Amino acid sequence: VDAQNAAEDGTGASSFGMIVKGSKGVVLTRVEVHAGKGGGGAAGVSGAGGANGDPSLTAQNGTVGTCTAPPASQPGGVSIVKKCGSQGGNGGTAFTAVSYSSLQDGAPGFLVDPTNGGTGSHSATDAGGVGQPGVPGGLGTVGALALGSFSSTGYAVGSGADGTAGTPGKGGGGGGASLGSATCVGSSGGAGGMGGCGGDPGKGGVGGGASIALLSWSSVVTLDTCNLVAAAGGSGGDGGSGHSGGTGQAGGTGGPALPAKSIAKGGGGGDGGDGGNGGNGAAGAGGPSIALVYSGTHPFDSNPSVFASASIPAAGGNGGQLGAEPNWGPSGAPGAALSEYEQK
């Protein structure tokens, strides 16, 4: 019995010389069973890049203080509409009142970081506090490895799991407003910059297919002077690399000072944090080369038989490799090269 090589279509197809399942009284006398080669697994697709945050425009800048028919207050720069969960905080509002108001503080950026808004000025000579930058997004997790397994119908490949997406960077905090006087409105704060979106993950590599001469499943088989020969298993596919996160953007500028009127400048908005890198995909495992696989009763060997497998195990793929090595995806295990194996 000479089985064909499995198709090289990237699915990790397997080649079995013979499958016996749910049977008894099966006797093979002076039979040679040769399995073909297992097919290789396809590499995982690498992730797409995380989108950059939208840049700050004029509407994100603070407004200069005024002493000409001043309004009761003037708002700070307005943050850009949220994107992938990230948004800068609004700039602090400027007032005519000489006493400090919490509304002068810049708002925190989103994902919410309550500590990064700039503080409004408590003194007419002090500028509004600058918004703090947003924290960069977190790295996506790497994919996990998997091992293949046998069943009555064949072999399920050990494909690597996908990584997960990186998280978006937090938006920068809004800048604080400067303190106004009884007749002048202070300068308002700039809005915080938007953070970058998280990078997409890498996909896992497909496991390599098996080369199995005889699979005996829940059966009673007798081997009489037989040769069971397995060829090489298929190589596992590489894991895809995650992609870097998007770039965080600069915050809006604070409103300028009016030195002649003792109005200090408003605080600028903090920069948005960069998005986190997507996690790397795990690699596929190499396919096994096994002469005899059984589940249940071990085949009887009435006269010496030869069980032979490939001498070199099939290689597992390499994990995705974005970033520093500790964050690379795990490499796939090499395929087993055994004379026999029991699937329990």
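Whatever comes next refers back to the structure up there.
I will try to describe carefully the structure that is included in this document.

Rules used in this analysis
Residues numbered from 1 in each chain as written. Predicted model: local features only at pLDDT ≥ 70, side-chain atom pairs only at ≥ 80, totals over all residues. Heavy atoms only, no water. Helix = DSSP H or I, 4+ residues; strand = E, 2+ residues; numbered from the N terminus. Rg over C-alpha atoms; globule rule 2.2 N^0.38 Å. Buried < 20%, exposed > 50% of the residue type's maximum accessible area, 1.4 Å probe, protein only. Contact = heavy atoms within 4.5 Å. Areas by Shrake-Rupley, 256 points an atom, 1.4 Å probe, with all protein chains shown as cover. Lys, Arg positive; Asp, Glu negative; His and termini not counted. Charge placed at Lys NZ, Arg CZ, Asp CG, Glu CD. Disulfide = S-S within 2.5 Å. 1 Å grid on protein atoms, 1.4 Å probe; cavity = no way out; pocket = protein on both sides within 12 Å on 5 of 7 lines; lining within 4 Å. Points joined across faces, edges and corners; volume = space filled by probe spheres on them. Nonpolar A, V, L, I, M, F, W, Y, C, P; charged D, E, K, R; others polar. Pairing = 2+ DSSP bridges. Salt bridge = Lys/Arg side-chain N within 4 Å of Asp/Glu carboxyl O. Core = buried A, V, L, I, M, F, W, Y, C linked by side-chain atoms within 4.5 Å. Axes fitted to C-alpha atoms, helices over the stretch in contact; angles between N-to-C directions.

Observations concerning the overall build of the chain
The helix and strand tally for the chain stands at zero helices and 14 strands. The C-alpha radius of gyration of the chain comes to 33 Å, more than 25% above the 20 Å expected for a compact globule of 344 residues. With the principal axes as the frame, the chain shows a C-alpha extent of 110 × 25 × 25 Å. Expressed as a percentage of the 344 residues in the chain, the buried residues total 47%. Of the contacts formed within the chain by residues at least 6 apart in sequence, a portion of 81% connects residues at least 24 apart. Total accessible area on the chain is roughly 14,300 Å²; 56% of this is exposed by carbon and sulfur atoms. Looking at the chain, you have 11 positive and 18 negative side-chain charges, and the mean spots of the two groups are 7 Å apart.

Digging into the environment of G320
Here G320 shows up in the loop between β13 (306-308) and β14 (337-342). Note: C-alpha distance between G320 and G163 (157 residues apart in sequence) is 9.1 Å.

A word on the state of the cysteines
Evaluated as defined, the whole model comprises two disulfides. Here C67 pairs with C184 through a disulfide, and the sulfurs are 1.8 Å apart. Here C67 and C184 share a disulfide; its torsion about the S-S bond, 110 degrees, makes the bridge right-handed. Here C67 is found in the loop between β3 (32-34) and β4 (73-74), whereas its partner C184 is found in the loop between β7 (154-156) and β8 (211-217), with 117 residues between them in sequence. Residue classification places C67 among the partly exposed residues on the basis of a relative accessible area of 24%. The disulfide partner of C84 is C197, and the S-S distance across this bridge is 2.1 Å. In this structure, the disulfide formed by C84 and C197 twists by about -95 degrees around the S-S bond and is classed as left-handed. Of the two residues, C84 sits in the loop between β4 and β5 (94-95) while C197 sits in the loop between β7 and β8, which places them 113 residues apart along the sequence. Look at C84 and you get partly exposed, because its relative accessible area is 35%.

What about the layout of surface pockets?
The volume enclosed by the largest pocket comes to roughly 210 Å³. In this structure, the largest pocket is lined by 15 residues; those nearest its centre are L147, G148, Y155, P288 and A336. Residues of the lining of the largest pocket, tallied by class, amount to 11 nonpolar, four polar and no charged.

Some thoughts on the pairing of strand β11 (residues 289-295)
Regular strands have side chains that alternate between both faces of the sheet. Along β11, seven of the seven residues are buried, which leaves the element largely enclosed by surrounding structure. Pairing of β8 with β11, which is carried by six bridges, proceeds in the parallel orientation. Each residue of the ladder has a partner; that of L214, found in β11, is L292. Pairing of β11 with β14, which is carried by five bridges, proceeds in the parallel orientation. Pairing of Y294 across the sheet is with E342, part of β14.

Description of the pattern of salt bridges
Overall, the coordinates contain two salt bridges when judged by the stated rule. One salt bridge in this structure joins D162 and K203, with 3.6 Å as the shortest N-O distance. Here D162 is found in the loop between β7 and β8, whereas its partner K203 is found in the loop between β7 and β8, with 41 residues between them in sequence. A relative accessible area of 42% places K203 in the partly exposed class.

Description of the nonpolar core
In this structure, V20, L28, V33, A213, L214, V221, L223, C226, L228, A291, L292 and Y294 together form the largest nonpolar core, which totals 12 residues. Of all elements in the fold, only β8, β9 (221-224) and β11 reach the threshold of two or more residues within this core. The element best represented in this core is β11, accounting for three residues. In this view, L228 contacts V33, A213, L214, L223, A291, L292, V306, F307 and A308; residues no more than four positions away in its chain are not counted. By size, the runner-up hydrophobic cluster in this structure holds nine residues, among which are F150, I212, L215 and V293.

A look at the sheet that holds β3
Across the sheet, three strands lie side by side as β3-β10-β13; this open sheet has parallel pairing. In this open sheet, the two strands that pair with only one neighbour each are β3 and β13. Ignoring strand direction, the axes of neighbouring strands in this sheet form an average angle of 5 degrees.

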